[in-house]
Amino acid sequence: MKCLNIKLLLVSLTTIGLGIAANAQTTAVSKDSIKLLQHHKELAKLNVDLYEEKIKLAQSQNDLVDLRTDLQKANEKAALSAADSKEAAANMSANVGDQSAAKKAKKDADRAASDNKQAVRLTSKVADKEESFAKSEKNIIEIQKKIDKLTAQYSK
């Protein structure tokens, strides 16, 4: 029984030794293969950045369409409010001392100011979104240049 345990131990040690020796004899990966893998990694990262930037560009474009529509409506509303305010002011001038005409003129003037303020806010939002859109376009061009340069560098 003792002899069997010793034989089993020797077989196990031999198997472990052969496994270690076989592992030590594994071929090394060449430096060119490592560089190529790093190149593919960089290229993949740049492509992810490119697609993320394209998504931002598409979202900005959709937001711009919506904001411009809202701005057009707000400008029309502000123009109508301004016209109503002008008409109410003229009516108030024609009817000096008429309290209801004065209240209507004030109410219309306040509404015109509020509508104008909303149009100004939307104009600012449109300008910001256009700036974001232009920045995304610029980033896409820069990333694409990097991708092209990296691809040309390794396709030689």
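Use the structure listed above.
Predicted model only: the values in this text are computed from it and were never measured.

The rules behind the values
- Residues numbered from 1 in each chain as written.
- Predicted model: local features only at pLDDT ≥ 70, side-chain atom pairs only at ≥ 80, totals over all residues.
- Heavy atoms only, no water.
- Helix = DSSP H or I, 4+ residues; strand = E, 2+ residues; numbered from the N terminus.
- Contact = heavy atoms within 4.5 Å.
- Areas by Shrake-Rupley, 256 points an atom, 1.4 Å probe, with all protein chains shown as cover.
- Salt bridge = Lys/Arg side-chain N within 4 Å of Asp/Glu carboxyl O.
- Core = buried A, V, L, I, M, F, W, Y, C linked by side-chain atoms within 4.5 Å.
- Buried < 20%, exposed > 50% of the residue type's maximum accessible area, 1.4 Å probe, protein only.

Caption draft 1: View of the overall build of the chain. Along the backbone of the chain there are three helices and zero strands. Mapped in sequence order, the helices and strands of the chain form the string α-α-α. The contacts in the chain between residues at least 6 apart in sequence include a share of 85% that link residues at least 24 apart. By element, 59% of the accessible surface of the chain is carried by carbon and sulfur atoms, the whole surface being about 12,200 Å².

Caption draft 2: Geometry of the pattern of salt bridges. What the rule picks out here adds up to nine salt bridges. A salt bridge links D49 to K45, with the shortest nitrogen-to-oxygen separation between them at 3.3 Å. Taken as a pair, D49 and K45 lie in helix α2 (residues 31-94) at a separation of four residues, close to a single helical turn. For R111, the salt bridge is made with D84, and the minimal N-O distance between the two is 3.7 Å.

Caption draft 3: Structural context of the nonpolar core. Among the nonpolar cores identified, the biggest contains 16 residues, and L46, L50, L122, V126, I143 and I147 are the most heavily contacted of them. Counting residues per element, the ones that place at least two in this core are α2 and α3 (99-154). I143 has contacts with L46, D49, L50 and E53, leaving out every residue within four places of it along the chain.

Caption draft 4: A look at the side chain of S85. Its location among the elements puts S85 in helix α2. Sequence-distant contacts of S85, that is, excluding residues within four places in its chain, are made with A105, D108, A109 and A112.

Caption draft 5: Up close: the environment of K125. Assignment of secondary structure puts K125 in helix α3. Look at K125 and you get partly exposed, because its relative accessible area is 49%.

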